[in-house]
Amino acid sequence: FRPAQMMEHQLNQQEDGIATAQYEYYDHQHHNRRLQLSMTEEKVTTTSNTNNYENNNNAIIGESTNNQGVIVNMLRRARDKVDEKDVPFLLQVPYTNSDVIYNIMTECYGLVGREYWDVKDLQRDEKENVVDSFYVSSHDRPKEMFHNFGKRFHFLSTPHYQEGTSLLTLKHKGRIILMLRHPAYIAERMYLSRPNTQKGDLKGLLQYVNGTDYYDNWMTRMLANVPKEEKVTEEHFKYARMVLENKFIIGMTSDMAETVKKRINLHFGWKELPSKQGCELEYIKKGTMELPTSALEEGGREWRFIAKKNLFDSKLMARGMAVFGMQKMRIPVHPYTVRDDRKAVSEAFGHLRNVQDEIDSSDIPFFWHIPKASGTTVKEVMSKCYNLIRTEMVDPPSSLDLFPEKKVLNVDLTTPEAIVVARGYNVADSKLADVFISQLAVEGSTVFTTYHMGRAFTIMRHPVILAASLFYYRRIATWEPTYRPDFNDLTLQEYVEMPGYYDNWMVRMLTNAKLGGLNEGHLEIAKAVIKEKFIIGISDHMDETFRQLESYFGWKEQEAGCVKSFLGASFNKNKYELPERGGPVWNSIAEKNKFDMQLYYFALELFGEQGKKLRRTQVG
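Residues numbered from 1 in each chain as written. Predicted model: local features only at pLDDT ≥ 70, side-chain atom pairs only at ≥ 80, totals over all residues. Heavy atoms only, no water.

## Focus on the sheet that holds strand β2 (residues 113-115)
Where strands meet in a sheet, backbone hydrogen bonds hold them as pairs that are either parallel or antiparallel. One open sheet accounts for five strands, arranged β2-β3-β1-β4-β5; its pairing is parallel. Sheet topology places β2 and β5 (248-252) at the edges, where each strand pairs with a single neighbour. Direction aside, neighbouring strands of the sheet carry axes that sit 25° apart on average. Across five bridges, strand β1 (residues 87-91) lies against strand β4 (residues 174-180) in parallel orientation. By the bridge assignment for β4, F89 is matched with I176. (Pairing = 2+ DSSP bridges. Helix = DSSP H or I, 4+ residues; strand = E, 2+ residues; numbered from the N terminus. Axes fitted to C-alpha atoms, helices over the stretch in contact; angles between N-to-C directions.)

## Here's the deal with the state of the cysteines
Counted under the stated rule, the structure contains two disulfides. Covalent S-S linkage joins C108 and C279, the inter-sulfur distance amounting to 2.0 Å. Residues C108 and C279 share a disulfide whose torsion about the S-S bond is about -75°; that sign makes it left-handed. Here C108, found in helix α4 (residues 98-108), pairs with C279, found in helix α13 (residues 279-289); they are 171 residues apart in sequence, far enough to count as distant. For C385, the disulfide goes to C562, at an S-S distance of 2.0 Å. Looking down the S-S bond of the C385 and C562 bridge, the torsion is -80°, so its handedness is left-handed. (Disulfide = S-S within 2.5 Å.)

## Some remarks on unusual backbone geometry
Here the bond from P396 into P397 is cis, since omega is 0°, no more than 30 degrees from zero. Position of P397 relative to the elements: it lies in the loop between β7 (390-391) and β8 (402-403). In this structure, Y95 is a non-glycine residue whose phi angle is positive, near 60°. Mapped onto the elements of the fold, Y95 is located in the loop between β1 and α4. Residue Y95 is classed as buried on the basis of its relative accessible area of 1%. The backbone phi angle of N387 is positive, close to 60°, even though this residue is not glycine. Relative to the helices and strands, N387 is located in the loop between α17 (375-384) and β7. (Buried < 20%, exposed > 50% of the residue type's maximum accessible area, 1.4 Å probe, protein only.)

Here you go:
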């Protein structure tokens, strides 16, 4: 997402220095024509109040429903905890696949939407207080609960932001879903929807955009309530940006799968109906396949001309891209999603023995491999010093083939899908491997059975050093699927400040909360899991780590001094300079990974306690 940050900077520096990623769109002609008409014919009678937004991002409730403070205050912040009283609100924007989202919500999830195209209908229903009268939660009161659903609804949908928001109340505030697309491509589709136009007529397109009928900077105008006859200013843009950053769940036309699966589903807790499995993917594929190609060349003369004409919307788009990235890791997760995650964690770790359980000869060691935490060293020691056969796919596809010379069982445990396949092989009961290895703590645990339970161990490393090591490694590791040559253009600070930076990896893996926001509850679950289920090793103390592993699992060196020789070897080592401990970069990374930091310090205590118990056992 760094291009989005660069784009916003360029837009602020020079009006015609505009650059952005290409965004595709899905042209449902009738639907988008209605949206376009709503957009261009809407009469805004009030002007925006943008002067005081910086002093109060939540706004102040005023006297009139046309007051901007009331409009903003009727919307929940995107970062607020999800409440079933809140009303999902799909803001329809033309040529952005808003209709695809609507169809997924109604057809795949079985939701009932209340759709408004005419402002008069909104004004009528505002007077009738339809939200307090007829809104019902899709989770608490699904459609199938009623013999006659009547006027009830699960979400609102309209292209009219100001009037649509006026339906909301203090009892039922709104949570807005907004699909974004670059204004140049929206302008092209608007032009082609007009009579007697044809694709590729760039001259006609530019004449249209430069004409008096063209509605420039529509998104900024809508959010800041700027009438068509009034010129959009920087103050209007600042207000619109504030609203977008704080109030909207952002989706991208170019990435529908990410939008649906990793934003909307997480936040609202919606799932496909049992009878509609695969429905989301069907609509997403259909929308993607039917996207018409653009005659505009990104960054070309015509593209830049339209972008300049919509300068504020282009800047808003750039900011929206950054927000989209940030929401991936910060968006509040619906309680139903959290409940499902915790259920999956409980069931998965039920396949592992507790640390204190008596050793059984049928138990199989399970190494939860944390990237850049001495994993390669552990693998080599297990194979070459302890003569253990480990799982690792070295010759795709995944199979039960054994490579004796490498001490490897060719099983893939790197993805949830691959682990499902491995379970189908009944790999744990096959007795073909001595140690199972996966980076996926939850999914990886599910390969074990009641006949062959897992005994888990892991090696932990300081989260700041881990983040730095992973960043510099991915810059040079051409042999890895995670190789990122573009990281060579970033500093470590820029890397962790990227929208979508994957923070708190350990806590996320242990709690199955791979996306969305985290809280203290996740940390406490992670602590309980490692205390109950894991033998802890520390990468800075590998000598002691292997002594404890040998004591716990009963492993013995095939040749004296073998482990020590590997601890002095160099595996995947990359020379780089760590940030100064306690300096601004160090502190920034630590803050980004605050839950992993607390988990690591808790693990250090466990490491010491487990070591004492193992030594007492040996003495006894």
